[in-house]
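# Fold and geometry: a report
What follows is the residue order along each chain.
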Amino acid sequence: MCGRFTLNQSAEALAKVFDVQQLPDLPTGYNIAPTQIVATVLQNPESKKREFQQLHWGLIPSWAKDPGMGAKLINARAETVAEKPAFRSAFKHRRCLVLADGFYEWQRQQGKKQPFYFRLQDGQPFGFAGLWEKWHSPANEEIISCTILTTAANELLQSIHERMPVILEPQDYELWLDSQQQTPQTLQQLLRPYPAPAMTAYPVSTLVNNSRHHSPECIKPISGD
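These notes cover the structure that comes with them. (Residues numbered from 1 in each chain as written. Predicted model: local features only at pLDDT ≥ 70, side-chain atom pairs only at ≥ 80, totals over all residues. Heavy atoms only, no water.)

### Considerations on unusual backbone geometry
Excluding glycine, residues mostly carry a negative phi; peptide bonds, for their part, are mostly trans. Its identity as a non-glycine residue notwithstanding, Asp19 has a phi of 55 degrees, on the positive side. Of note, Asp19 is situated in the loop between helix H1 (11-18) and strand S2 (29-32). (Helix = DSSP H or I, 4+ residues; strand = E, 2+ residues; numbered from the N terminus.)

Following this line, the structure appears as structure tokens:
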């Protein structure tokens, strides 16, 4: 699964990587957690241009009785996303990029869980494959939420966790965001493990276990001994 990630990039860097014209300065995110607001990029269905939006992490299906359901839907499995009632409509029509520059995963070690930090070798930001949805309360309150897709772990993650978030290649952003593309087989081809040689990982402090900790210490390497 993907339960925590980071985003600490300038607005200029993100605008360049994701081809978005207007993007505000974002607060540092060393420990972004479920139910928080996350940075995303969507395609405007009319102008076909990419737009930046901040969404609630934890997808709330349009038919949900209350928003609490979103806390259980922070991730969607790539293998079944086209069939699951909570995700299949969004998979067809409402896909997005969830912006990040690293993520955490935990490994069981002698009865404890040791967090590891994963990022790209070049330190560049990237887009998780995401889905988004609108939900309206009986009082007509609107919440726009999202989920992050996961797939089988690559060689770098396999010893730590069996799953990893889907990191899309930059050349695949346009296809993923295009709401006119609705063929499951074509979209599924994008949902593959990211190449392990292009990534790096190292153990970090258990500070990250508490989502209230949002300092650079969260991503500081520690000894693996």
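### Digging into the environment of Trp63
Locating Trp63 in the fold gives a position in the loop between strand S4 (50-57) and strand S5 (75-77). It is 30 Å that separates the C-alpha atoms of Trp63 and Asp172, two residues lying 109 residues apart in sequence. Not counting chain neighbours up to four residues away, the residues in contact with Trp63 comprise Met69, Pro85 and Ala86. (Contact = heavy atoms within 4.5 Å.)

### Structural notes on the sheet that holds strand S1 (residues 5-7)
Judged by pairing direction, the sheet is antiparallel, and its five strands sit side by side in the order S2-S1-S7-S8-S13 without closing on themselves. The open sheet has two free edges, formed respectively by S2 and strand S13 (199-203), since each of these has just one partner strand. Neighbour-to-neighbour, the strand axes of the sheet open up by a mean angle of 30 degrees, direction not taken into account. Sheet topology note: the strand S7 (residues 102-109)/strand S8 (residues 112-120) ladder contains seven bridges and is antiparallel. Within S8, the position partnered with Phe103 by the bridge is Phe118. (Pairing = 2+ DSSP bridges. Axes fitted to C-alpha atoms, helices over the stretch in contact; angles between N-to-C directions.)

### Details of H1
All of the buried residues in H1 are Ala11, Leu14, Ala15 and Phe18. The buried residues of H1 all sit within an arc of 100 degrees when viewed along its axis, so they share a single face. Exposed side of H1, more than 90 degrees from the buried face: Glu12 and Lys16 are the residues found there. Where H1 ends, the next residue or the one after it, Asp19, has phi of about 55 degrees, a positive value. (Buried < 20%, exposed > 50% of the residue type's maximum accessible area, 1.4 Å probe, protein only. Arc of directions from axis to C-beta.)

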